[in-house]
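# Commentary on secondary and tertiary structure
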Amino acid sequence: MPTIFQIPTFIQILEFIGTFAFAISGIRLASAKQFDWFGAYVAGVAVAIGGGTIRDVLLDVTPFWMTNPIYLICSALALLWVIFFRKHLIHMHNTFFIFDSIGLALFTVVGISKTIDLGYAFWVAIIMGTMTGAAGGVIRDVFINEIPLIFRKEIYAMACVIGGVIYWGLDRLGVDAALTQVISGCCIFVVRALAVKYQICLPILKGE
């Protein structure tokens, strides 16, 4: 039976949701730049699969989207969602932030889990999780000619690192894997939200 018809695992469900959320964030920004539908779809796909592709290449496994078309389909559904509900999304000024933060949290957890399943050490898993969550956003921002969020003062990749450390702590305590993933993802989202709300940022490196 083709993979697409198999019952997805919990981590795959997180991956699907993360793909949809990240794709919406990319397409939403592309629409603000007045991209055409295809350009917007490319921007959505870039953020949805970019980080995971880099992760899989580094881990020497087949990129996840090449074994299951559902990720490209999720991105297409995200495009349709933005097209049909664009008027509502325009009035939702926090749309980009919400969907980007959801994607960041879920993809970080997916990256950590996949790296651990492949037998790598936790410090490697945290790096791969951070890359999975943040790298797609870098590609998206380059595509739409924006300074990547990871290079700004906002807490972005650091939220992934914090979530990864929490994941490690819960795993050491023997907490159920699914619960560990949910808690870690929620912590990433909360850290990102609090950092933006209260304008918390890392110190700026000054040249002099």
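Read on for an overview of the structure. Since we're looking at a predicted model, the values are computed, not measured. Numbers given for residues are sequential positions, taken from 1 along each chain in its written order. Local features in this predicted model are restricted to residues whose pLDDT is 70 or higher, and side-chain atom pairs enter the listing and the counts only when it is 80 or higher, whereas totals over whole chains, interfaces and linings include all residues. Here the side-chain values reflect all heavy atoms present in the structure, with hydrogen atoms and water set aside.

### What about the environment of Ala48?
Where helices and strands are cited, they refer to DSSP runs of H or I of at least four residues and of E of at least two residues respectively, numbered from the N terminus. Structurally, Ala48 can be placed in helix H2 (residues 37–58). Given a relative accessible area of 0%, Ala48 falls into the buried group. C-alpha separation for the pair Ala48 and Val138, spaced 90 residues apart in sequence, amounts to 11 Å. Sequence-distant contacts of Ala48, that is, excluding residues within four places in its chain, are made with Thr19, Phe22, Ala23, Phe64, Ser75 and Phe107. Relative accessible area decides the class of each residue, using a 1.4 Å probe on protein chains only: under 20% of the type maximum gives buried, over 50% gives exposed, and in between gives partly exposed. Contacts are assigned to residue pairs with any non-hydrogen atoms lying within 4.5 Å of each other.

### Let's talk about the environment of Asn68
Topologically, Asn68 is positioned in the loop between H2 and helix H3 (70–84). Between the C-alpha atoms of Asn68 and Arg172, which are 104 residues apart in sequence, the distance is 32 Å. Polar contacts, as used here, are pairs of N or O atoms within 3.5 Å; protein pairs need one atom able to donate a hydrogen and one able to accept it. Residues neighboring in sequence count only if both atoms are side-chain atoms. Among the polar contacts made by the side chain of Asn68, one reaches the main-chain amide nitrogen of Ile70 at a distance of 3.1 Å.

### So, the packing of aromatic side chains
Stacked, edge-to-face and tilted are the three classes for Phe, Tyr and Trp ring pairs, Trp counted by its six-membered ring, which pair at centre distances within 6.5 Å; planes under 30 degrees apart are stacked, over 60 edge-to-face, the rest tilted. Taken as a whole and judged by the stated rule, the model has six aromatic pairs. With 5.9 Å between their ring centres and 85° between their planes, Phe20 and Trp81 make a pair best called edge-to-face. Taken together, the residues span a long stretch of sequence, with Phe20 in helix H1 (residues 10–32) and Trp81 in helix H3 at a distance of 61 residues. We classify Phe20 as partly exposed; its relative accessible area is 23%. Members of the aromatic cluster, connected to one another through ring pairs, are Phe16, Phe64 and Tyr71. Over a ring means this: the NZ of a Lys or the CZ of an Arg is within 6 Å of the ring centre and within 35 degrees of the ring normal. Sitting over the face of the ring of Tyr198, Lys197 holds its NZ or CZ atom 5.6 Å from the ring centroid.

### Section: the packing of H2 against helix H5 (residues 95–117)
To describe two helices that pack against each other, one gives the angle between their axes and the distance between the axes. Structural elements are reduced to axes, namely lines fitted to C-alpha atoms, with helices fitted over the stretch in contact, and the angle between N-to-C directions of any two is expressed from 0 to 180 degrees. Between H2 and H5, the least distance of the axes is 11 Å, while the angle of their chain directions is 20°. It follows that H2 is roughly parallel to H5 by the angle criterion. Considering the relative orientation of H2 and H5, their crossing is right-handed. Contact with H2, carried on its side by Val47, Ala48, Arg55 and Asp56, involves Phe107, Val110, Gly111 and Lys114 of H5 and no other residues of that element. Think of it as three bins: nonpolar holds Ala, Val, Leu, Ile, Met, Phe, Trp, Tyr, Cys and Pro, charged holds Asp, Glu, Lys and Arg, and polar takes everything else, Gly as well. Tallied by class, residues from the contact of H2 with H5 come to four nonpolar, one polar and three charged. Note on angle classes: values under 35 degrees are labelled roughly parallel, values over 145 roughly antiparallel, values of 65 to 115 roughly perpendicular, and the remainder oblique. Crossings are classed by handedness, with left-handed meaning an anticlockwise turn of the near helix from the far one by less than a right angle and right-handed meaning a clockwise turn.

### Quick notes on helix H7 (residues 157–172)
When the terminal C-alpha atoms of H7 are compared, their 23 Å separation across 16 residues agrees well with the 22 Å that a helix rising 1.5 Å per residue should span. Buried within H7 are the following residues: Ala157, Ala159, Cys160, Gly163, Gly164, Tyr167 and Leu170. Mapping the buried residues of H7 onto a view down its axis gives an arc of 145°, with all of them on the same face. To estimate how far a helix should reach, multiply one less than its number of residues by 1.5 Å. It is the directions from the helix axis to the C-beta atoms whose arc is reported.

### So, the packing of H5 against H7
Two numbers describe how H5 lies on H7: the axes approach to 10 Å, and their chain directions differ by 45°. Taken together, H5 and H7 sit at an angle that is classed as oblique. For H5 against H7, the interelement crossing comes out right-handed. Where H5 abuts H7, its residues Leu104, Thr108, Val109, Ile112, Ser113 and Ile116 lie against Cys160, Gly164 and Tyr167. Considered class by class, the residues forming the contact of H5 with H7 number six nonpolar, three polar and no charged.

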